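Tertiary structure, described
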Amino acid sequence: MSAVSPNARAKQKPKSESLWLDTWKQFVKHKGAVVGMIVFFIIVFSTIFGPMIYRIDPQYNDLRARNQGPTLAHPLGTDNLGRDLLAANLAGGRISLAVGLVAMLISIGLGTVIGVSSGYFPRLDGILMRLTDMFLALPLLPLLLVAIMLFRDSLRSLVGPETGIFLLIVVLIGVTSWMNTARIVRGEVLAVKEREFVTAASALGSQNNRIMWQHILPNVLSPILVSAALGMASAIITESALSFLGLGFPSDVPTWGRLLFDGKDFLSLTPLRVVWPGIAISLVVISVNFMGDGLRDALDPRLRTKG
Amino acid sequence: MKIKLLLAAFVLGTLFNFGFAQRGESGELNILYWQAVSLLNPYLSGGTKDLDGASLVLEPLASFDPDGALVAKLAAEIPTVDNGGVSEDLMSITWKLKEGVLWSDGTPLTADDVVFTGQYCMDPDAGCNSSDRFNDISNIEAVDATTVKISFSKPKPFPYQAFVSSLSPVLQKAQFATCLGPAAQTCTDENFYPIGTGPYVPVDFRPNDVVVFEANSNYRDPAKPAFSRVTFKGGGDAASAARAVLETGEADYAWNLQVEPEILNGMAAAGKGVVVSAFGPNVERILVNQTNDDPSLGDNRSLYMDGNNPHPFLSDPKVREALSLAIDRQILVDVGYGAAGQATCNLVPGPTDFVSSANDSCLTQDIEKANQLLDEAGWARGSDGIRAKDGVRMSILYQTSTNSVRQGTQALIKQMWEEIGVETELRNVDAGVFFGGDPASPDTYGKFFTDVEMFTNGASGTDPENYLAGWTCDQIADVSNDWLGNNIDRWCSPEYDAMIAELATTAGLEARAELSKKLNDMLVQNYVEIPLVHRGGVSAHINSLQNVHINPWDTEMWNIADWTRN
Amino acid sequence: MFQYIVRRILIAIPTLLVISFVIFTILDLAPSDPTGNLPLSIPQEVKEQIRKSLGLDQPFHIRYLKWTRQFFIDEPLALVENVTGIKFPGSEKRTRIDSWSTHSSVIDLIFQRMPQTLWVVGMAYVLGILIAIPVGVLSAYRQYSIFDQLGTFISLIGFSVPTFFTGLLAIVIFSVKLKWFPSVYDTTLVVQDWASFVKQLKQMVMPVTVLAFFNASQLSRFMRSSMLDNLTQDYARTARSKGLQERAVVLGHVLRNSLIPVVTLIALGIPGIFGGAIITEQIFRINGLGDLLIKGIQNADIPLVQTLTFIFAVLIVIFNIFADLAYGLLDPRIRYG
């Protein structure tokens, strides 16, 4: 009995549709996950629709209202150039969320594919892990400078300055941050591969692909989900470090990381300036993490029988 | 009676203290620079931090005081035509050394050391970054043990370049004898622990981190310096350096505190220290590209091509004037600079004798007039509020180096230009790339592949000749000179070139000042560059530190021998 | 096992050569310029001369080969000469790798910076691990308890708020307001008696805490998730049903298996210690390796950055071998053939 994959057991249900429904039912039972999801969608919706309702231009310098605390005219206060912080945080959220999500997906996607292949196929292991070593060793800043030099102007003329720099940043962050995920996933795969249900599946003549995606991947999902939540936070922060170095978005495009960075020196003057983006980033990361927790529990058949 | 006695004793005591000040009696001095010293040889590293660090040890023959006047350091006096030190034909200058000056190892300073230093820097393989100060020198000779004669290959109306200011101090021949030519690069010990004549001697050097100095026991004034030990620490950022002096009192002196004025004022309010500033030659300005920088031009982008590649709208002086009129310079100062800046309309902002007053009208913003100028020139606003003519939109790509004050200025100016119907796209580039000369990079200030760019520049001393000569036609930055020309605006005027030639042969401070003003006015009134802010050095020192006179024309440490603690 | 190690080391050599070449190419392509930080008043022709004196006018392959020779032959020989005092023939012909900004030996710079980094970053790393493992284990074992929720919350905030902010906050609170700790790290301090030891501790408290907090935040998340996975595995049930004590099950079986992915992370992080903590070192003015690297990059000091990154690469390769060996020890089912 123990030779059958726990996942294969779940698979015995007749339709895959019911599997998704089942997962969803399990997911909503997880209180943290539901709260996380609600918070996440509130943030996403307010950054998408907020600027349409709150119509102050985040780039407008109101020079009579510099360094203000919250007032009626500026509910979250203003920065040292008199820019409205609510507008800036809403507009910044759009970009930060987009950068965080896309960069995280690229990084997790690359990390998972490379990690699983490397752990599962001993023949690929050597070359893929050496590739990982190389990426770990690459000096990030010079690499970014090179990439900006080579691609910025062509992307700018192709898709416009902001989309161009968005693509560049997202790809660069994604491509330079998958290595830890790959190493962890590989480690897990090496261990899972030797478990009875995998040996059994391959003894039964299952295809490699099928074993990898149906038996192994679900069992290494939890470190991937943790990496995803953490990866999103670090992508948002990395973007701010990039703009600080002059490699990110133009200086008049607000992002959460940038707002946090620009505000840090004003800590004793207008402390709220750093509090808002700080809360926003933390909330996103925490809600993504709880959603990840819920998703993992929902996909784990052993926990399911418990509930 | 008793009170009188006490008073007399007090007065006597004070006199006594002043009269017989002791070397090293003030204890330790902590100096904080947010850029760290890399080496103590100013000929191999031109960064301000390195010059300042080295000036505790190495001294020039003469340096500039805070007013821009020459003061003798190792020289007995400043040579002039009047005292016979400079020849009538302006072809040579003769320096007499002070008597009895010793190197910190106890050996005497001689004219040979000066001659050697000239040889050291003029060697083309040494990579000496002050070599331009030795231009047009045909010979340096030691007339006797304390007399040096420098001969020029052409008349030098301003001969105070070589061996003047912290950029060009005297090295000890005995120590650096083996460091000539390519060997200069590998003389690590010599560059870290130079033997000097200055008030301090380096005892512990950690590159790019900290230098510890001790008082020079052979210094020529037995009562100086007042501190026995100086710790010159580097690293971090400007805001935290200011905090260490003004709020926590961990350091006695912090350099170049370019932080937003409200932050600096907030810290100064703690009362532990004072913020000091001084205004020298530096002006933050906007450069206006006279050539077309359209990327579709490919290899012809931003090339002058004898005037056949003009910018679609910035080559029109009226447009440039409108851009200048639309800027409220005082707001830029209030928001970004505070004590570190003054609104200016000149490219030569000092010394006082050289400052033109013909352009001061630009200090008041005039949006109405700017709009009128553009209307007259035929630039009509489109439906989106942006002006256009013959299908050309007034859209400007505005680049500068990465720096929070500069990005603030960019945002303010973008809004001001919006009011006159000009669209602006902002770009900031890493300073190391922007100010670098990598021929492969499109983002260097010299290539100028944008419509306008902004940075600070100024003369490297009190005399602006070399600086003003940067706008001549032959200096236009171009592929042929690897974009290394100094005329980055690519502006060309034969009239201007003729006046520069005249300046090169004009002697006498007054006449030179008059000509310089004319040249400055020509640049400003043609709106070749748009001056914004006269930038000063801003530093902070703790209240108890005395005799600090921050100097915009030379190193801030120029009089460190006189610093004392109260 | 022995054969495996030998094979890995043999593969490592060509890998490292490729890495060194890729790094050099990137640094060479990068548009930063060693004369970029010089004042604008220095004329362009002079800057060109300076570049020439640094050897930048030579073609790419010559500069790369020169660096390779210096790194693999000249520097090791110089090191042996310095340690043993024996002079090898031709020692005057050999050149050491010189940094462009300080004109001194890069290796000497690295040795000078190493102690501070090992003390601060290394200490923070060990502390982070010591916090993360028990927190992760306990959070997982008592999933959804108050302790778990609170731990999750704090660690996620710790990860979302970057060290440039926590470091600054620490300085404003503990240096400016409370005046407990210094905000400037005194790198000239020599620990020789109790007083100087206390001073050293005081100046280490803030940077170590800030970094340890960040490290622990990340690691405890992985520890927790790994524990959760293993707690419900069949082997844990089997062990329990065999009548083993809960303590023995958790600490003996589950923890051991859960550590496998965490060990990878820890081993991977060790080279990171040598890379220093760029931001934290900057904020507290610690002259560590991270500080050396970032200044090298800012000044386009190619020999310095190339050497430092390459040493970093060597460490990564070495510690990856260690991590793989650790797998084998922790999980006997994994066999290396």
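Procedures and definitions
Residues numbered from 1 in each chain as written. Chains lettered and ligands numbered in written order. Predicted model: local features only at pLDDT ≥ 70, side-chain atom pairs only at ≥ 80, totals over all residues. Heavy atoms only, no water. Contact = heavy atoms within 4.5 Å. Buried area = accessible area lost by both parts, 1.4 Å probe. Salt bridge = Lys/Arg side-chain N within 4 Å of Asp/Glu carboxyl O. Polar contact = N/O pair within 3.5 Å; in protein donor to acceptor, adjacent residues only side chain to side chain. Helix = DSSP H or I, 4+ residues; strand = E, 2+ residues; numbered from the N terminus. Pairing = 2+ DSSP bridges. Axes fitted to C-alpha atoms, helices over the stretch in contact; angles between N-to-C directions. Parallel < 35°, antiparallel > 145°, perpendicular 65-115°, else oblique. Left-handed = near helix turned anticlockwise from the far one by under 90°. Buried < 20%, exposed > 50% of the residue type's maximum accessible area, 1.4 Å probe, protein only. Phe/Tyr/Trp six-rings, centres within 6.5 Å; stacked < 30°, edge-to-face > 60°. Lys NZ or Arg CZ within 6 Å of the ring centre and 35° of its normal. Expected span 1.5 Å × (residues − 1). Domains from an automatic or database assignment. Nonpolar A, V, L, I, M, F, W, Y, C, P; charged D, E, K, R; others polar.

On to the interface of chain A and chain C. Between chain A and chain C, the residue contacts involve 52 residues of the former and 60 residues of the latter. Interface area for chain A against chain C, summed over the two sides, is near 5,200 Å², with a carbon-plus-sulfur share of 69%. Connecting chain A to chain C are zero salt bridges. The interface formed by chain A and chain C holds three residue pairs in polar contact (both at pLDDT 80 or more) in total. If you list the elements that add at least two residues to the side of chain A that touches chain C, you get α5 (122-137), α6 (140-159), α8 (179-193), α11 (221-244), α12 (256-263), α13 (272-299) and α14 (301-306) of chain A. In terms of residue count, α13 of chain A provides more of the side of chain A that touches chain C than any other element does, 10 residues in total.

Let us look at the interface of chain B and chain C. One widely used convention gives an interface's size as the accessible area the parts lose upon coming together. Each side of the interface is counted separately: chain B has 60 residues, and chain C has 50 residues. Between chain B and chain C, roughly 4,200 Å² of surface is buried when both sides are summed, and carbon and sulfur atoms account for 51% of that area. Broken down residue by residue, the surface that chain B buries against chain C is led by Gln185, Asn208 and Leu484 of chain B, which jointly contribute 14%. On the surface where chain B and chain C come into contact, there are 17 residue pairs in polar contact (both at pLDDT 80 or more).

Let us now look at the sheet that holds strand β13 (residues 380-381) of chain B. All names here are of chain B. Taken in spatial order, the three strands of this open sheet run β13-β14-β15, and their pairing is antiparallel. In this open sheet, the two strands that pair with only one neighbour each are β13 and β15 (392-393). Pairing of strand β14 (residues 387-389) with β15 involves two bridges; the strand directions are antiparallel. Its bridge partner being in β15, lysine 389 is matched across the sheet by valine 392.

This part covers the packing of helix α3 (residues 60-84) of chain C against helix α12 (residues 302-330) of chain C. Residues and elements named next belong to chain C. Contact geometry of α3 with α12 gives a least axis separation of 12 Å together with a crossing angle of 50°. Here α3 is positioned oblique relative to α12, judged by the angle of their axes. The chirality of how α3 crosses α12 is right-handed. Across the interface between the two elements, Trp67, Phe71 and Phe72 from α3 touch Pro303, Gln306, Thr307, Phe310 and Ile311 from α12.

Residue and element names in this part refer to chain B. Note that threonine 555 resides in the loop between β20 (545-546) and β21 (564-565). Residues contacting threonine 555, with those up to four places away along its chain left out, are Asp52, Ser55 and Ser166. Within the structure, threonine 555 has its side chain in polar contact with the side chain of serine 55 (distance 3.4 Å). Polar side-chain contacts of threonine 555 include one of 2.9 Å to the backbone nitrogen of methionine 557.

It is worth spelling out the side chain of serine 101 of chain C at this point. Residue and element names in this part refer to chain C. Relative to the elements of secondary structure, serine 101 occurs in the loop between α3 and α4 (106-141). Note on serine 101: relative accessible area 15%, which makes it buried. Of the polar contacts made by the side chain of serine 101, one reaches the side chain of aspartate 301; its length is 3.1 Å.

Glancing now at the packing of aromatic side chains. A full pass over the atoms with the stated rule returns 45 aromatic pairs over all chains. Their ring planes at 65° and their centres at 4.9 Å tell us that phenylalanine 434 of chain B and phenylalanine 435 of chain B sit as a pair that is edge-to-face. Across the pair, phenylalanine 435 of chain B and phenylalanine 434 of chain B agree in class, each one buried. Residues tyrosine 467 of chain B and tryptophan 471 of chain B carry aromatic rings whose centres are separated by 5.3 Å and whose planes lie at 80° to one another, so their mutual orientation is edge-to-face. On the basis of relative accessibility, which here comes to 11%, the residue tyrosine 467 of chain B falls in the buried class. The lysine or arginine in question, arginine 273 of chain A, covers the ring of phenylalanine 266 of chain A, its NZ or CZ lying 4.4 Å from the ring centre.

Over its 28 residues, helix α1 (residues 2-29) of chain C runs 41 Å from end to end, which matches the ideal 40 Å to within 8%, given 1.5 Å per residue. Along α1 of chain C, the residues classified as buried are Tyr4, Arg8, Ala12, Thr15, Leu16, Ile19, Ser20, Ile23, Phe24, Ile26 and Leu27 of chain C. Looking at the buried residues of α1 of chain C, the elements they touch are α5 and α6 of chain A together with α3 and α12 of chain C.

All right, on to the pattern of salt bridges then. Tallied over the full model, the rule gives 40 salt bridges over all chains. Here arginine 64 of chain A makes a salt bridge to aspartate 62 of chain A, at a shortest N to O gap of 3.7 Å. Overall, the relative accessible area of 16% leaves aspartate 62 of chain A in the buried class. Note that glutamate 284 of chain B and arginine 406 of chain B form a salt bridge whose closest N and O atoms lie 2.7 Å from each other. Placement of glutamate 284 of chain B in strand β11 (residues 273-288) and of arginine 406 of chain B in helix α11 (residues 404-418) is noted, with a sequence separation of 122 residues between them. The residues glutamate 284 of chain B and arginine 406 of chain B share a single accessibility class, namely buried. The network of salt bridges with common partners includes Glu28, Glu214 and Arg229 of chain B.

Time to look at the environment of isoleucine 279 of chain C. All names here are of chain C. Mapped onto the fold, isoleucine 279 is located in helix α10 (residues 278-284). Residue class for isoleucine 279 comes out partly exposed when judged on its relative accessible area of 36%. Isoleucine 279 has contacts with Thr163 and Phe164, leaving out every residue within four places of it along the chain.

Residues and elements named next belong to chain C. Looking at the assigned domains, one finds that chain C contains domain 1 (19-93) and domain 2 (109-330). Inter-centroid distance (C-alpha atoms) of domain 1 to domain 2 is 34 Å. At the junction of the two partners, domain 1 supplies 14 residues and domain 2 supplies 13 residues. Across the domain 1-domain 2 interface, the total number found is zero salt bridges. Here domain 1 and domain 2 share three residue pairs in polar contact (both at pLDDT 80 or more) between them. Broken down by secondary-structure element, the contributors of at least two residues to the side of domain 1 that touches domain 2 are α1 and α3. Taken together, the residues that form the side of domain 1 that touches domain 2 break down as nine nonpolar, three polar and two charged.

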